Amino acid sequence: MSIVKQNPAERLAAVQARIDSACLAANRPNFSVRLLAVSKTQSVEKIRDLALLGQVAFGESYVDEAVDKMAQLTECDLEWHFIGPLQSNKTRAVAAHFDWVQSVDRSKLIRRLARQRSSQQNPLNVLIQVNLDGERQKAGCDPEDILELANLIAEHPELKLRGLMAIPAPRDSADGQRATFGKLKALFDQLAPHYPEIDTLSAGMSDDLEAAIAEGSSMVRVGTALFGPRPRP
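Residues numbered from 1 in each chain as written. Predicted model: local features only at pLDDT ≥ 70, side-chain atom pairs only at ≥ 80, totals over all residues. Heavy atoms only, no water.

## Thoughts on helix α1 (residues 8-25)
For step 1, the next point in the chain: Here α1 is 18 residues long and its end C-alpha atoms lie 26 Å apart, about the 26 Å a rise of 1.5 Å per residue gives.
For step 2, the next point in the chain: Here α1 has its buried residues at Arg11, Leu12, Val15, Ile19, Ala22 and Cys23. Along the axis of α1, the buried residues cluster in a sector spanning 110 degrees; they form a single face. Opposite the buried face of α1, at more than 90 degrees from it, the exposed residues are Leu24 and Ala25.
For step 3, the next point in the chain: Where α1 begins, the capping side chain belongs to asparagine 7, and its oxygen is found 3.1 Å from the backbone nitrogen of alanine 9.
For step 4, the next point in the chain: Where α1 ends, the next residue or the one after it, asparagine 27, has phi of about 60 degrees, a positive value. (Helix = DSSP H or I, 4+ residues; strand = E, 2+ residues; numbered from the N terminus. Expected span 1.5 Å × (residues − 1). Buried < 20%, exposed > 50% of the residue type's maximum accessible area, 1.4 Å probe, protein only. Arc of directions from axis to C-beta. Polar contact = N/O pair within 3.5 Å; in protein donor to acceptor, adjacent residues only side chain to side chain.)

Rendered as structure tokens:
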């Protein structure tokens, strides 16, 4: 059955089955991988459908759109992740409204988020986004800058370093995907002795989540396989 014809429960079950199968193949417990539903440009109704099925974590890339959705879904007690490129003029809203930000890649953003996060809120969970392939058009820090950014995050009690995130360039084969995700896992392992509390490696999407899980991803970001083709923003 095509994704378009499946209902939300069938889509969610199919994605979870893929995660479970990938964990089994990698000799990992299935609870070691969290599912982040990428809900950017999707309707409030579609998000609510998944929330009623037990999905808790949702990822958004457009701040104003996300804040509007949050206001309409307060009864669902959801966990909101900002996953898009973060502009300086949007850090205040991200600091105020989100539980996680996965796309921190420079010191200016860290300082702004820390300054703008209220002391009345829990610390903002932060992932450092890494540009694995040196793509100029893509967000993410250089791998050699990871420790410097981690050290800066650790200076601010308003922030909590949780790990790394990456959006690698597409690969033509599963072996190519695994090689790339393996590089990200190696960077995570290099950071862990400095910050042993880190616990999140956000990697893998609808087309490559199996390869990501095989190489140690603990959070996969899935949109199309859960919602179908994404509407334009």
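## Regarding the packing of aromatic side chains
For step 1, the next point in the chain: Tallied over the entire structure, the rule returns two aromatic pairs.
For step 2, the next point in the chain: Ring geometry for phenylalanine 58 and tryptophan 80: centres 6.0 Å apart, planes at 40 degrees, overall tilted. In this pair, phenylalanine 58 is assigned in strand β2 (residues 57-60) and tryptophan 80 in strand β3 (residues 79-82), connecting sequence segments 22 residues apart. The pair phenylalanine 58 / tryptophan 80 is uniform in exposure class, with both members buried. (Phe/Tyr/Trp six-rings, centres within 6.5 Å; stacked < 30°, edge-to-face > 60°.)

## Let's talk about the nonpolar core
For step 1, the next point in the chain: In this structure, Ile19, Val101, Leu113, Ile128, Leu164 and Leu226 are the most contacted members of the largest nonpolar core, which totals 64 residues.
For step 2, the next point in the chain: Not counting residues up to four positions away in its chain, the partners in contact with isoleucine 19 are Val33, Leu35, Leu209, Ile213 and Val220.
For step 3, the next point in the chain: Residues Leu36, Val38, Leu127 and Met219 belong to the second largest nonpolar core, which totals eight residues. (Core = buried A, V, L, I, M, F, W, Y, C linked by side-chain atoms within 4.5 Å. Contact = heavy atoms within 4.5 Å.)

## Quick look at the pattern of salt bridges
For step 1, the next point in the chain: Applying the stated criterion across every chain, the model contains 11 salt bridges.
For step 2, the next point in the chain: For the salt bridge of glutamate 65 with lysine 69, the shortest nitrogen-to-oxygen distance reads 2.5 Å. Of this pair, glutamate 65 and lysine 69 both sit in helix α3 (residues 63-72), four residues apart, which is roughly one turn of the helix.
For step 3, the next point in the chain: Glutamate 65 sits in the partly exposed class, given a relative accessible area of 22%.
For step 4, the next point in the chain: Given a relative accessible area of 4%, lysine 69 falls into the buried group.
For step 5, the next point in the chain: Lysine 185 is paired through a salt bridge with aspartate 189; the nearest N and O atoms lie 2.8 Å apart. Residue lysine 185 and its partner aspartate 189 are both found in helix α7 (residues 174-191); the two are separated by four residues, about one turn of the helix.
For step 6, the next point in the chain: Look at the salt bridges and you will find they share partners, linking Glu60, Glu65 and Lys69 into a network. (Salt bridge = Lys/Arg side-chain N within 4 Å of Asp/Glu carboxyl O.)

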